[in-house]
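Each chain, written out:
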Amino acid sequence: MRKTDEDFDDGHVAEEAAHWFARLQGEAATGDDWLAFERWLQSSPSHAQAYERLETLWVDLEYSPVAKELGGRPLLAARRQRPVRAASHDVVRRRALWGAGAAVAAGLVVAVGLGLQSPSVAAQTYVTPAGQIRDIALADGTHIRLNAASKITVRFERDARRVEMADAEAVFDVAHDAKRPFLIEVGDRQVRVVGTEFNLRNREGLVDLTVRRGVVEVRPADALESQPTRVTVGQELTHTVGQAAQVLKVSDPDATFAWTNGQLIYHDQPLSDVAADLSRRFATPVRTADARTGALRFSGVLVTDNEADVLRRLSAYAPVRVERTSGEIILHHR
Amino acid sequence: MDLQDDGRSALIGLYLERRTDLVRFFTVRLRSAAAAEDLVQDIYVRLSGIDQPVEIQNPMAYLYRLGSNLMLDRLRGERRTAHRDGAWLDSQTTRVGIHEISSEPDAEAAVAARQRLALLTSALTELSPQTQRVFRMHKFEGLSHPQVAAQLGISRSAVEKHMMAALKHLSARLP
């Protein structure tokens, strides 16, 4: 197709506008550059329009998933206006500011690479250390609350939203998007979501899925065309990685989701499970002294405000004595 | 008078000396002499509030850039609503086939904002890897041109050229 003169002019003006925008953003620009820019702006109304188009684009980009994955929120203009130019110190300070605003409960964010070059928009790995829960808002409107000591990788592709779940527990509140299903690889299972809220846990080879809203489909990861198991509101699916079987039962979503409210709820569960949960929840690991202690059954609600108080309550509810060593906490049957 | 006051008063001195130039420039940009007066006054407020030692290569350019960034901040305020509604749409809208159903009054603007965003995001992936890298570091990581140049081992003018290529491409991809 032949380009008309008008097309050529448009392209030319856009190029000049881009030149000015890039030039004036740089520290090398001088007062004279700005005066020359002023003359350019005044020489044609189309110049001002082209420049304003770039400004709008520049601001809109701050809402792109790329910006969100890097910063967790639109960038603040104020940073740019700080006239400090103390090279490396400046970089460190900016990064620190950025990190501070990045998450409600700041976990570790490990950027796997922006992924701009790949066909998918971006891959991002989220890691939380023991003792920290992290809220993640994805660009599509999905919210993930990642429990402590967890790791997931999120990748948005053209026709699918993908999550790889390593050793982790998280509540997913998935934004509805029929054209881009939300797919989670967990152990040897694939969880397919259309728009719902559920808790998914993958710990020590045991996968556990509890649905609070909507329907979730589960398939073996190596047989994706097989008939899925549908898990619906109030149901819980448990599965041991490597085995064929999976169990579907009626669940108590309140108990499963309790960790998101700073609680742990147990119905007749072994104390070894409680110790494992507390180890993820707090910085100092907790273990049971022996098999007999680990097998003690525990029922009740633990408010997980701080480790010392939780252990005090636990020793009041369960027949255990708490021993503190330098690096860990040991529960003994008493 | 310590260093900090020194840098600040030098900038304010320059500001007062060149105030007329600034008002003229921002009158062109804002197409309103009254709006330009307000903005140039805002520049003064920002200058007197600077709490860091100041070391600036081109003080006059810095004043222009400060004012231009204030304009960008205003633009951010205007765009925020559309984008917030776009995000809201994502979580609230029911989709039937390709049709989106929403009862929000501003749904049209919100859909438009989201479509722009999708276009911009995919346009980013079409840039050469090095241009993407430069663009990401400057725009999303907040590094200045000299900082980007130092990290990548390229010249400042190369950074400028990459930024220019990226902007030109992104602009061309929008309707």
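See the structure above.
Quick summary incoming for the structure in this document. (Residues numbered from 1 in each chain as written. Chains lettered and ligands numbered in written order. Predicted model: local features only at pLDDT ≥ 70, side-chain atom pairs only at ≥ 80, totals over all residues. Heavy atoms only, no water.)

1. Description of the sheet that holds strand S15 (residues 246-250) of chain A
All names here are of chain A.
Stage number 1. With antiparallel pairing, seven strands are arranged side by side in an open sheet as S3-S4-S7-S10-S11-S14-S15. Looking at which strands have only one partner, the edges of the open sheet turn out to be strand S3 (134-137) and S15. Each adjacent strand pair in this sheet contributes to an overall mean axis angle of 15°, direction not counted.
Stage number 2. Alignment of S3 against strand S4 (residues 143-146), held across four bridges, turns out to be antiparallel. The residue of S4 that forms the bridge with Ile136 is Ile144. (Pairing = 2+ DSSP bridges. Helix = DSSP H or I, 4+ residues; strand = E, 2+ residues; numbered from the N terminus. Axes fitted to C-alpha atoms, helices over the stretch in contact; angles between N-to-C directions.)

2. Describing the pattern of salt bridges
Between side chains of opposite charge, a pair can form as their charged atoms come close.
Stage number 1. In this structure the tally under the stated criterion is 35 salt bridges over all chains.
Stage number 2. The shortest N-O distance in the salt bridge between Arg29(B) and Glu55(A) comes to 2.7 Å. Of the two residues, Arg29(B) sits in helix H2 (residues 19-30) while Glu55(A) sits in helix H3 (residues 45-60), which places them in two different chains. Glu55(A) shares its class with Arg29(B); the two are buried.
Stage number 3. Note that Arg219(A) and Glu217(A) form a salt bridge whose closest N and O atoms lie 3.6 Å from each other.
Stage number 4. One connected set of salt bridges, linked through shared partners, spans Glu169(A), Arg201(A), Glu204(A), Asp277(A) and Arg280(A). (Salt bridge = Lys/Arg side-chain N within 4 Å of Asp/Glu carboxyl O. Buried < 20%, exposed > 50% of the residue type's maximum accessible area, 1.4 Å probe, protein only.)

3. Structural notes on the pairing of strand S7 (residues 168-173) of chain A
Regular strands place side chains that alternate from one sheet face to the opposite one.
All names here are of chain A.
Stage number 1. With respect to burial, S7 is a largely interior element, five of its six residues being buried.
Stage number 2. Relative to S7, S4 is paired through four bridges, and the arrangement is antiparallel. Following the sheet pairing, His143 is matched in S7 by Asp173.
Stage number 3. With six bridges joining them, S7 and strand S10 (residues 197-203) adopt antiparallel strand pairing. Of the residues in S10, the one forming a bridge with Glu169 is Arg201.

4. As for the packing of aromatic side chains
Stage number 1. Scanning the model with the defined rule gives 17 aromatic pairs over all chains in all.
Stage number 2. With centroids separated by 6.1 Å and ring planes inclined at 65°, the aromatic side chains of Phe172(A) and Phe182(A) adopt a geometry described as edge-to-face. Of the two residues, Phe172(A) sits in strand S7 while Phe182(A) sits in strand S8 (residues 182-186), which places them ten residues apart along the sequence.
Stage number 3. On the accessibility criterion, Phe172(A) (0% relative accessible area) is buried.
Stage number 4. Taking relative accessible area as the criterion, Phe182(A) reaches 0% and is therefore assigned buried.
Stage number 5. With a centroid separation of 6.2 Å and an interplanar angle of 75°, the aromatic rings of Phe135(B) and Phe140(B) are classed as edge-to-face. By the burial criterion, Phe135(B) is buried, and Phe140(B) matches it.
Stage number 6. Through successive ring pairs, a cluster of aromatic residues spans Trp20(A), Phe21(A), Trp34(A), Phe37(A), Trp40(A), Tyr51(A), Trp58(A), Phe25(B), Phe26(B), Tyr64(B), Phe135(B) and Phe140(B).
Stage number 7. Here the basic side chain of Arg212(A) rests over the ring of Phe257(A), its NZ or CZ set 4.0 Å away from the ring centre. (Phe/Tyr/Trp six-rings, centres within 6.5 Å; stacked < 30°, edge-to-face > 60°. Lys NZ or Arg CZ within 6 Å of the ring centre and 35° of its normal.)

5. A closer look at the sheet that holds strand S17 (residues 286-288) of chain A
Two pairing modes exist for strands in a sheet, parallel and antiparallel, and in both the strands are linked by backbone hydrogen bonds.
Residues and elements named next belong to chain A.
Stage number 1. Within the open sheet, the three strands sit side by side as S17-S20-S19. Their pairing is mixed. Looking along the sheet, the strands with just one partner apiece sit at the ends: S17 and strand S19 (320-324). Strand-to-strand twist across the sheet, computed as the mean angle between neighbouring axes with direction ignored, equals 25°.
Stage number 2. Pairing of S17 with strand S20 (residues 329-333) involves three bridges; the strand directions are parallel. Counterpart to Arg287 in the pairing with S20 is Ile330.

6. Let's talk about the packing of helix H6 (residues 129-140) of chain B against helix H7 (residues 145-152) of chain B
All names here are of chain B.
Stage number 1. Here H6 crosses H7 at 135°, and the two axes come no closer than 9 Å. Accordingly, the angle class assigned to the pair H6 and H7 is oblique. In the packing of H6 onto H7, the handedness of the crossing is right-handed. Contacts between H6 and H7 involve Gln130, Arg133, Val134, Met137 and His138 from the former and His145, Val148, Gln151 and Leu152 from the latter.
Stage number 2. Tallied by class, residues from the contact of H6 with H7 come to four nonpolar, four polar and one charged. (Parallel < 35°, antiparallel > 145°, perpendicular 65-115°, else oblique. Left-handed = near helix turned anticlockwise from the far one by under 90°. Contact = heavy atoms within 4.5 Å. Nonpolar A, V, L, I, M, F, W, Y, C, P; charged D, E, K, R; others polar.)

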